[in-house]
Amino acid sequence: MDIQRLAEALAPLLRDPEAEDSFAYGLAALPAAGTDLMVNVDPELEDRDDVTVEALVERVGAFLAMSPDQWEQVLLDVVAEVEDAVGEQAIAEPTALHDDLALTSSVVFVDAVLLSFLAPLQFPDGVIRVQLDADLAFEDIDIEIEGVETITFDGLDEMLDQLSQDS
């Protein structure tokens, strides 16, 4: 795939799209979230040869056209997963996580979207990464906290199994 061609095809969706070695990127409005963000588009050249420019442009368009209801459901799923994982542990600031989440960037793949959030009051040293599936529904979450080893779980049950093994 020609990355420059991908960047040019993204011009109607992204402001001033740029091409790098293996991906394209640019700023875009995400009306459902009420924000502008950096959208990185990764055709996964090293792993796939079946992805087309048209499919990636379509995926970016679908992501940027998310409805407010879809976006709100993603946020509710993120909050529920984080609150389940944190449980009764102390947090830096007692504020609603929903209100603290700030979307900072995204990576669009042909069959998924990866979102990066900051929650500066509750996780001042952390980044919350959320994976959406091909239908733009919540699929997975990963929280990285600076100075802490990151472990990813496929769900709450797997996390609880791991924690009980470590005891």
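Presented here is an overview of the structure given in this document. Source: prediction; values computed, not measured. (Residues numbered from 1 in each chain as written. Predicted model: local features only at pLDDT ≥ 70, side-chain atom pairs only at ≥ 80, totals over all residues. Heavy atoms only, no water.)

**Describing the pairing of strand E4 (residues 102-108)**
- Here strand E3 (residues 35-41) runs beside E4; their pairing, made up of four bridges, is parallel. The partner of Met38 across the bridge, within E4, is Ser105.
- As paired strands, E4 and strand E5 (residues 113-119) are joined by six bridges and run antiparallel to one another. Residue pairing for E5: Ser105 is matched across the bridge by Ser116.
- As consecutive antiparallel partners, E4 and E5 are separated by four residues. (Pairing = 2+ DSSP bridges. Helix = DSSP H or I, 4+ residues; strand = E, 2+ residues; numbered from the N terminus.)

**Thoughts on the nonpolar core**
- Membership of the largest hydrophobic core comes to 41 residues, with the highest contact counts inside it found for Val39, Phe63, Leu115 and Ile128.
- If we skip the residues at most four places from it in the chain, Leu115 touches Phe63, Trp71, Val74, Leu103, Ser105, Ser106, Ile128, Arg129, Val130 and Leu132. (Core = buried A, V, L, I, M, F, W, Y, C linked by side-chain atoms within 4.5 Å. Buried < 20%, exposed > 50% of the residue type's maximum accessible area, 1.4 Å probe, protein only. Contact = heavy atoms within 4.5 Å.)

**Some thoughts on helix H2 (residues 53-64)**
- Taking 1.5 Å of rise per residue, the twelve residues of H2 would be expected to cover 16 Å, and the 17 Å separating its terminal C-alpha atoms lies within 8% of that figure.
- Residues of H2 that are buried include every one of Val53, Leu56, Val57, Arg59, Val60, Phe63 and Leu64, and no others. Seen end-on, H2 carries its buried residues on one side only, within an arc spanning 160 degrees. (Expected span 1.5 Å × (residues − 1). Arc of directions from axis to C-beta.)

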